[in-house]
Amino acid sequence: MSIPALHPLPRPEGEVEQLREVWRPPGGVRFLTVVNNTYIGIFYIGTALLFFLLAGVLALAMRTQLAIAENDFLSQDAYNQFFTMHGTIMMFLFAVPAVEAMGVYLLPAMLGARDLPFPRLSAYAFWAYFVGGLLFFCSLFFDLAPRGGWFMYPPLTMKEYSPGIAADFWLLGIGFIEISAIAGAVEIIVGVLRTRAPGMSLDKLPIYAWAMLVFAFLIMLAFPAIIVGTALLELQRAFGWPFFDAARGGDPLLWQHLFWFFGHPEVYIIFLPAAGFVSMILPTMCGVPLAAYRLVVIALLATGFAALGVWVHHMFATGIPALSISFFSAASMAVAVPSGIQVFAWIATLARGRVRITVPTLFVLGFLFIFVLGGLTGVMVGLVPFDWQVHDTFFVVAHFHYVLIGGMVFPLFGAFYYWAPTASLRPLSERLGRWVFWLLFLGFNVAFFPMHVTGLLGMPRRVWTYSADMGWEPLNLLSTAGAYGMGVAVAVFLVDLARNFRPFHDKGGAGDVWSAGTLEWIENSTYGVRSIPVVDSRDPLWAHPDLADCTEAGAYFLPGTATGTRETLVTSPLDGRPEYVVQLPGPSWKPFVAAIATALAFYSLTLEMVLPAFALGALTIAAILAWVWDSDRGPARPPVDVGGGHVVPTYAAGRLSHAWWGVAVLVVVVAMLFAALFFSYLYLRLVSPDVWPAATGHALPAPAWPIATAALLLASGAAIAWAGRALARRRPGRFGWDQPALVLALAALVGAFAVELVGQRSTGLVPQHTSYAAVVYALIGLQGALVFALTVMGLYTLARSLTGRLGPVRRVTFDNTRLLWSWAVVQGLVMTALLHGAPRILD
């Protein structure tokens, strides 16, 4: 049964050409400014594959070194650099960006949207990742690559044991690249929740979109911990603040807690999208809907929740209390339950359908075999006595490669072969694809299965050579042969890409070669779908075989461009009701310049070029302000009929606005940054009470200081609320009290920060002396960074008000600023209570 058309057919001539013209990417060198998700997504995927190749070359060099005993192919120093860069590139520059890139490319089409809601943010995130990642890799060529492992444990990475700037390249470079990942997560969360096709309620959401939603929330919750950790270690290296120096009250295990609170969820961050790939590919290849859809959604949510509670799984050998070990051991094994639900759902789907053995199917079956083995060894290392025996041996290397390569790389290659026809004028080769699969599958198992035995025989990981007397040489030689087999598989894949991948331009790709059921298989062009379809099932193309043709004929929502600009529908987050048409920004140099300047600013700091770093930071802020200046276009256009009698506005403010949702996600990220520092404060108090004021006799600031800080924060919050009410009452062209209220709010916020800083300094507290002083100033520093950001945003909002671009209706800029401002007040009050109340209460 067909879904009734919302517009009379045929549509007027010229409608499609107008769409093409509005969405056409610029030519020549200006192509670098493109923001369409179809192009940015392909750029992202290609760059992630480049880093996969580079990390693979480093892995082959390491396997060559370990192939025979007492080999001198690599020196110890070179091996340590290769080892560190291999893990860092695979985890930070390939795994997370690759699955995020697939989301940027696939989600708009899968959700029936024309693009993601913040196209310039996607472009900024990509270029920051591209430039920052290449600069980081190039440190190898100047003997500046880090040597501390991809985990960078102190005290090895403290200045005393890792002099020079190699470790700083890792700390500043990776901390910066994680900001790019968070930007992508903001885009994905708002895109999935607010830019779905009408009728696509949450219970009709494609399972891949669910997976990407949980993925993005995990990034939002877990990545701030590593940003805080890298900042603290860099502060210790650069300025001597002793967060990890036991002699001054620090603790190296604080780094492990912060790192693994990020590091273990990252395993699930890259697994969940891969599981989403499998849950999309299998139903198509079996010709039946996914079995137990609701249970799979619950399993995805449960996996994301459990992922945040198992980080101590990596710390069983560090001497933590037995009760903690018991809890985290149980949690580590409990994660197997939601993963098992998904595995059984996939098996049930295979059993219900008629399986077509295609290349994507082979990669899914290979994933199931390898990932289940990796999961079994994961349960083994979750058992504390066994973990103590194999900790830091090659058994652990085998385990996490079975989980990461089996759980992510195999589904990713299956996704490449499955979705290539949406991006290429012809699909990839089935014949070459089978060669890729079998070479990769056999090579992987030959490379990594023997490592279980090598580890049980006692071979430690992270060693650059070994004695021939140990008896490890035959197994290492076998592993090296398997690694080269994997290299051949990747080479064949590159040949397949070169021969068959032909990116589309104005017209769509090869089309629905698999007879799939989801919206991304409707023919897409540079503007996405011709009209935004109505959805009433989880597999709309199976439920309505003519839906693709009707969509391309312009039968549904927004068959042309209602505003003469790039646009898509914003729908309600729960049931997908049309709410308004959002006008999307087009190509611009501003996000490109901002991304390049951001990357160069961070690396200038690494090279201790302070003035250039500040100049580049200023350029970054200027470029970002310039790019968002024209984003709030206001209600200049009347409401438009998008189809079926739905007349919706072309502008929204407050909680209805997609931009407000983006800032709300950012507030959660800032809150997690604060939570990581809050944890650091309490942890250091627990492990080093002898450097806290009660033990050292150091005086706390007089009560007048925190009272003044809290009063100013409350005054700032009251003033920003007053500004909001005054803005709502302001008449066009008239003076509004929102402007002086905003100035007052800004002055009070800055004053609160200054009072707190001066109050702590008045007691003679020096951050280099103790971990207590260091963590106090770190908390104040985070509040200062937030105050600086709000100072820029406040002045920007004031400028828009003074130039007539802010009013009772056109108020998105103010609403977004107020939301972050409200959190800054709350965070400041909690910080004040912690810094002044905790030493008195706990001591």
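By convention here, each chain's residues receive numbers from 1 onward along its written sequence. Local features in this predicted model are restricted to residues of pLDDT 70 or higher, and side-chain atom pairs are both shown and tallied only at a pLDDT of 80 or more, whereas totals for entire chains, interfaces and linings draw on every residue. Heavy atoms throughout the structure, all of them, feed into the side-chain values; hydrogens and water do not.

**Points about the overall build of the chain**
Stage number 1. Broken down by element type, the chain carries 25 helices and four strands.
Stage number 2. Taken against the 2.2 N^0.38 rule, which gives 28 Å for 843 residues, the C-alpha radius of gyration of the chain at 27 Å falls within 12% of a compact globule.
Stage number 3. Every one of the 843 residues in the chain was classed for burial, and the buried ones make up 61%.
Stage number 4. Of the roughly 30,400 Å² of accessible surface on the chain, 71% is carried by carbon and sulfur atoms.
Stage number 5. Counting 47 positive and 46 negative side-chain charges, the chain places the centres of these two groups 9 Å from one another. Strands here are runs of E lasting at least two residues and helices are runs of H or I lasting at least four, both read from the DSSP assignment and numbered beginning at the N terminus. Throughout, the radius of gyration refers to the C-alpha atoms, and the reference size of a globule is 2.2 Å times the residue count to the power 0.38. Whether a residue is buried, partly exposed or exposed follows from its accessible area with a 1.4 Å probe, protein chains only, as a fraction of its type maximum: under 20%, in between, or over 50%, in that order. Using a 1.4 Å probe, accessible areas were evaluated by the Shrake-Rupley method; residue-level cover was limited to the displayed protein chains. In this count, Lys and Arg are taken as positive residues and Asp and Glu as negative ones, while His and the chain termini are left out. All charge positions are set by atom: Lys at NZ, Arg at CZ, Asp at CG, Glu at CD.

**Considering the environment of aspartate 690**
Stage number 1. Note on placement: aspartate 690 falls in the loop between helix 20 (658–687) and helix 21 (693–696).
Stage number 2. Exposure remark for aspartate 690: the relative accessible area of 53% places this residue in the exposed category.
Stage number 3. Between the C-alpha atoms of aspartate 690 and alanine 595, which are 95 residues apart in sequence, the distance is 45 Å.

**Let's talk about the nonpolar core**
Stage number 1. We define a nonpolar core as any set of buried Ala, Val, Leu, Ile, Met, Phe, Trp, Tyr and Cys residues linked to one another through side-chain atoms lying within 4.5 Å. One finds Phe94, Met102, Trp170, Trp255, Trp419 and Tyr681 to be the most contacted residues of the largest nonpolar core, which totals 244 residues.
Stage number 2. At 23 residues, the largest contribution of residues to this core is made by helix 7 (residues 252–286).
Stage number 3. Each domain's limits were defined by an automated method or a database of domain assignments. If you count residues domain by domain, this core takes at least three from each of domain 1 (354–503) and domain 2 (672–842).
Stage number 4. Beyond its immediate chain neighbours, meaning those up to four positions away, tyrosine 681 contacts Trp692, Tyr772, Val775, Val776, Leu779, Leu834, Leu835, Ala838 and Pro839. Whether two residues are in contact is decided by their heavy atoms, any of which lying within 4.5 Å being enough.

**A word on the pairing of strand 3 (residues 640–643)**
Stage number 1. Here three bridges tie strand 3 to strand 4 (residues 646–648), and the two strands are oriented antiparallel to one another. Residue pairing for strand 4: aspartate 641 is matched across the bridge by valine 647.
Stage number 2. Counting the residues that bridge the hairpin from strand 3 to strand 4 gives two residues, and of these glycine 644 lies at a positive phi of roughly 65°. Following DSSP output, two strands are said to pair if at least two bridges run between them.

**Points about unusual backbone geometry**
Stage number 1. The peptide bond linking proline 154 to proline 155 adopts the cis configuration, its omega dihedral lying at 10°.
Stage number 2. You can see proline 155 is positioned in the loop between helix 4 (119–138) and helix 5 (166–194).
Stage number 3. Backbone geometry at aspartate 143 places phi at a positive 55°, although glycine is not the residue there.
Stage number 4. Considering the arrangement of structural elements, one finds aspartate 143 in the loop between helix 4 and helix 5.
Stage number 5. Under the relative-accessibility criterion, aspartate 143 is labelled partly exposed at 45%.
Stage number 6. One non-glycine residue, serine 515, adopts positive backbone phi at about 60°.

**Details of a nonpolar patch on the surface**
Stage number 1. Each patch is built from residues that are more than 30% exposed by relative accessible area and take part in no salt bridge. Like charges join if they lie within 9 Å; nonpolar side chains (Val, Leu, Ile, Met, Phe, Trp, Tyr) join within 5 Å. For salt bridges, the criterion is a side-chain nitrogen of Lys or Arg within 4 Å of an Asp or Glu carboxyl oxygen. Judged by side-chain polarity, Val29, Leu32, Trp589, Val593 and Leu619 come together as a nonpolar surface patch covering roughly 400 Å² of accessible area.
Stage number 2. Checked against the element boundaries, valine 29 lands in the loop between helix 1 (15–23) and helix 2 (37–66).
Stage number 3. Given a relative accessible area of 59%, valine 29 falls into the exposed group.

**Focus on the pattern of salt bridges**
Stage number 1. This structure, assessed with the given rule, holds 19 salt bridges.
Stage number 2. Here aspartate 738 ties to arginine 730 by a salt bridge, and the two come within 2.7 Å at their closest N and O atoms. Judged on exposure class, the residue aspartate 738 and its partner arginine 730 are both buried.
Stage number 3. Residues participating in the shared-partner salt-bridge network are Glu17, Arg20, Glu21 and Arg24.

**Description of the environment of proline 474**
Stage number 1. With respect to the helices and strands, proline 474 occurs in helix 15 (residues 473–500).
Stage number 2. We classify proline 474 as exposed; its relative accessible area is 59%.
Stage number 3. Proline 474 sits 407 residues away from alanine 67 along the chain, and the two C-alpha atoms are 8.2 Å apart.

**Observations regarding the domain arrangement of the chain**
Stage number 1. Taken domain by domain, the chain comprises domain 1 (354–503) and domain 2 (672–842).
Stage number 2. A straight line from the C-alpha centre of domain 1 to that of domain 2 covers 49 Å.

**Details of the environment of leucine 619**
Stage number 1. Tracing the chain through its elements places leucine 619 in helix 19 (residues 610–629).
Stage number 2. A relative accessible area of 41% places leucine 619 in the partly exposed class.
Stage number 3. Each C-alpha atom of the pair leucine 619 and isoleucine 89 lies 28 Å from the other, and the pair is 530 residues apart in sequence.
Stage number 4. Residues contacting leucine 619, with those up to four places away along its chain left out, are Val593 and Ala597.

**A few points about the packing of helix 14 (residues 430–456) against helix 15**
Stage number 1. Contact pair helix 14 / helix 15: the axes reach a minimum separation of 7 Å and the direction vectors enclose 160°. Classified by the angle their axes make, helix 14 and helix 15 are roughly antiparallel. For the pair helix 14 and helix 15, the crossing hand works out as left-handed.
Stage number 2. Of the residues that constitute the contact of helix 14 with helix 15, the class distribution is 20 nonpolar, seven polar and three charged. Every angle, taken between N-to-C directions, lies between 0 and 180 degrees, and every axis is a line fitted to C-alpha atoms, over only the stretch in contact when it is a helix. These descriptions rest on fixed angle ranges, namely under 35 degrees for roughly parallel, over 145 for roughly antiparallel, 65 to 115 for roughly perpendicular, and the rest for oblique. In this scheme the handedness of a crossing depends on how the near helix is turned from the far one: anticlockwise by less than a right angle means left-handed, clockwise means right-handed. For this scheme, ten residues count as nonpolar: Ala, Val, Leu, Ile, Met, Phe, Trp, Tyr, Cys and Pro. Four count as charged, namely Asp, Glu, Lys and Arg, and the remainder, Gly too, count as polar.

**Thoughts on the packing of aromatic side chains**
Stage number 1. Between 30 and 60 degrees the pair is tilted, below 30 it is stacked and above 60 it is edge-to-face, where a pair is any two Phe, Tyr or Trp rings, Trp via its six-membered ring, whose centres lie within 6.5 Å. Under the definition given, this model contains 70 aromatic pairs.
Stage number 2. A ring pair is formed by phenylalanine 259 and phenylalanine 262, whose centres lie 5.8 Å apart and whose planes are at 80°; its orientation type is edge-to-face. A residue pair is termed a helical-turn pair when its members lie 3 or 4 positions apart in one helix, as phenylalanine 259 and phenylalanine 262 do in helix 7 at three residues. Side by side, phenylalanine 259 and phenylalanine 262 carry an identical accessibility label, which is buried.
Stage number 3. For the pair phenylalanine 410 and phenylalanine 441, a centre-to-centre distance of 6.4 Å together with 85° between the ring planes defines the contact as edge-to-face.

**Remarks on helix 22 (residues 704–729)**
Every α-helical turn comprises 3.6 residues, leaving residues that sit three or four positions apart pointing alike.
Stage number 1. Expected helix span is computed as 1.5 Å times (number of residues minus one). With 26 residues, helix 22 extends 37 Å from end C-alpha to end C-alpha; this agrees with the ideal 38 Å at 1.5 Å per step.
Stage number 2. Listed in full, the buried residues belonging to helix 22 are Pro706, Thr709, Leu713, Ser716, Ala719, Ile720, Ala723, Gly724, Ala726 and Leu727.
Stage number 3. Where helix 22 is buried, its residues touch helix 23 (738–761), helix 24 (771–802) and helix 25 (812–842).

**A word on helix 8 (residues 293–307)**
Stage number 1. Its 15 residues give helix 8 an end-to-end C-alpha distance of 21 Å, which sits within 8% of 21 Å, the value for a rise of 1.5 Å per residue.
Stage number 2. Of all the positions in helix 8, only Tyr293, Val296, Val297, Ala299, Leu300, Thr303, Gly304 and Ala307 are classed as buried. Across the axial projection of helix 8, the buried residues extend over an arc of 160°, all falling on one side. Turned more than 90 degrees away from the buried face of helix 8, the exposed residues are Arg294 and Phe305.
Stage number 3. Residues of helix 8 that are buried make contact with helix 6 (207–239), helix 7 and helix 10 (336–352). Throughout, the arc means that of the directions going from the helix axis to the C-beta atoms.

**Structural notes on a positive patch on the surface**
Stage number 1. Together, Arg426, Arg431, Arg499 and Arg502 line one region of the surface with positive charge.
Stage number 2. In this structure, arginine 502 sits in the loop between helix 15 and helix 16 (540–543).

**What to know about the side chain of serine 332**
Stage number 1. Structurally, serine 332 is set in helix 9 (residues 322–334).
Stage number 2. Residue classification places serine 332 among the buried positions, given a relative accessible area of 14%.
Stage number 3. Two N or O atoms form a polar contact when they lie within 3.5 Å of each other; inside protein one atom must be a possible hydrogen donor and the other a possible acceptor, and for residues adjacent in sequence the pair counts only when both atoms belong to side chains. A polar contact of 2.7 Å, which involves the side chain of serine 332, links it to the backbone oxygen of phenylalanine 328.
Stage number 4. Leave out the neighbours within four places in its chain, and serine 332 touches Val310, His313 and Gly382.

**Structural notes on the pairing of strand 1 (residues 567–571)**
Stage number 1. Most of strand 1 sits out of view: five of its five residues are buried.
Stage number 2. Summarising the sheet, strand 1 and strand 2 (residues 578–583) pair through five bridges and their orientation is antiparallel. Counted as the bridge partner of threonine 571 is proline 578 from strand 2.
Stage number 3. Count of turn residues in the strand 1/strand 2 antiparallel hairpin: six residues, of which glycine 576 carries a positive phi of about 70°.

**Some details on the packing of helix 18 (residues 589–606) against helix 19**
Stage number 1. In the contact formed by helix 18 and helix 19, the axes pass within 8 Å of each other and the chain directions differ by 160°. Classified by the angle their axes make, helix 18 and helix 19 are roughly antiparallel. The interaxial crossing formed by helix 18 with helix 19 has left-handed handedness. Within the contact between the two elements, helix 18 uses Lys590, Pro591, Val593, Ala594, Ala597, Thr598, Leu600, Ala601, Ser604 and Leu605 and helix 19 uses Pro612, Ala613, Leu616, Gly617, Leu619, Thr620, Ala623, Ile624, Ala626 and Trp627.
Stage number 2. Considered class by class, the residues forming the contact of helix 18 with helix 19 number 15 nonpolar, four polar and one charged.

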